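Topology and contacts: notes
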Amino acid sequence: LYDIDGFIVGLSREMPELLLLSVLESEFEKVDYTEDRYGTSMYGFYPSEGGDAAWVERICGVEIKDKTILENGMKIKFRAILEWLHSANSNVIPEMSIYINNIFIKQFSISDGENECFISADEMPYSESGIYEIVLECNSSFIPKEIGLNEDTRELSVQVMYIGR
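Residues numbered from 1 in each chain as written. Predicted model: local features only at pLDDT ≥ 70, side-chain atom pairs only at ≥ 80, totals over all residues. Heavy atoms only, no water.

A few words now on the overall build of the protein chain. The helix and strand inventory of the protein chain stands at three helices and 10 strands. Ordered by position in the sequence, the α and β elements of the protein chain form the string β-α-β-β-β-α-β-α-β-β-β-β-β. Going through the 165 residues of the protein chain one by one, you find that 46% of them count as buried. Expressed as a percentage of contacts within the protein chain between residues at least 6 apart in sequence, the contacts between residues at least 24 apart total 63%. (Helix = DSSP H or I, 4+ residues; strand = E, 2+ residues; numbered from the N terminus. Buried < 20%, exposed > 50% of the residue type's maximum accessible area, 1.4 Å probe, protein only. Contact = heavy atoms within 4.5 Å.)

Encoded structure:
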């Protein structure tokens, strides 16, 4: 795997070249790169639509290599629009679950707007190789066409802005 100081996923102006290449592929195709030329695996991400984040499916994941995450912990930042998440099932309180290397780490309620979750070094599972598969699982999603937003038929949950240390 390619290590660029733990910032393999950072969907902002400081976005590393890896994701810049990945998310600009085509407007409505899923990003599903396994063992690409940088050696990073990711799934459930849609290409960026010109902003500071990328829409993701209800379940998405990315694999990064950074041994310092074990010492420093990591941050996950995303944006949610609760009105849209409630549109499919208004009885469900939108929640995000985070798994690292197939280990459940935490679950929390999603707020409207920007959300940030810090996973401390104490919460991080040990990885001798420094490889971490981070999986985000949202219990709610929506399809823009079904709620009258536009003709987009993708199943969306949140907009991921950053995953890194």
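Further notes follow.
Along the chain, the position of Met161 falls in strand S10 (residues 159–164). C-alpha of Met161 to C-alpha of Gly51: the two residues are 110 residues apart in sequence and 9.4 Å apart in space.

Inspection of the entire model under this criterion finds five aromatic pairs. Cation over ring: Arg154 sits above Tyr46, and NZ or CZ is 4.8 Å from the ring centre. (Phe/Tyr/Trp six-rings, centres within 6.5 Å; stacked < 30°, edge-to-face > 60°. Lys NZ or Arg CZ within 6 Å of the ring centre and 35° of its normal.)

As a general feature of sheets, a regular strand has side chains that alternate between the two faces. Burial along strand S5 (residues 74–80) is one-sided: Met74, Ile76, Phe78 and Ala80 are buried, while Lys75, Lys77 and Arg79, pointing the other way, are not. In this structure, S5 lies alongside strand S8 (residues 113–119), joined through seven bridges in antiparallel fashion. Within S8, the position partnered with Ile76 by the bridge is Cys117. Note: S5 against S10, five bridges, orientation antiparallel. Across the sheet, residue Arg79 finds its bridge partner in S10, namely Gln159. (Pairing = 2+ DSSP bridges.)

Moving on: the state of the cysteines. Tallied over the entire structure, the rule returns zero disulfides. We note that Cys60 lacks a disulfide partner, and the nearest cysteine sulfur, in Cys138, lies 9.4 Å from it. (Disulfide = S-S within 2.5 Å.)

Take the pattern of salt bridges next. Throughout the structure, instances matching the rule amount to eight salt bridges. Among the salt bridges present, the one from Arg79 reaches Asp52, with a minimum N-O distance of 2.8 Å. Residue Arg79 is found in strand S5, and its partner Asp52 is found in the loop between strand S3 (42–45) and strand S4 (54–65); the two are separated by 27 residues along the sequence. Judged by its relative accessible area of 32%, Asp52 is partly exposed. Between Arg165 and Asp66 there is a salt bridge, with its nearest N and O atoms 2.6 Å apart. Remark: Asp66 occurs in the loop between S4 and helix H2 (69–72) and Arg165 occurs in the segment after S10; sequence separation between them is 99 residues. With relative accessibility at 2%, the residue Asp66 sits in the buried group. In the salt-bridge network here, residues are joined through shared partners; they are Glu49, Asp152 and Arg154. (Salt bridge = Lys/Arg side-chain N within 4 Å of Asp/Glu carboxyl O.)

Attention now goes to unusual backbone geometry. If you check the backbone angles, Asn101 has positive phi at about 50° while not being a glycine. Looking at where Asn101 falls in the secondary structure, it is placed in the loop between strand S6 (95–100) and strand S7 (103–109). Here Asn101 falls in the partly exposed class, since its relative accessible area comes to 25%. Residues other than glycine seldom take positive phi values, yet Asn102 does so here, at roughly 65°. Mapping Asn102 onto the fold places it in the loop between S6 and S7.

In short, shape yes, function no, at least from these values alone.
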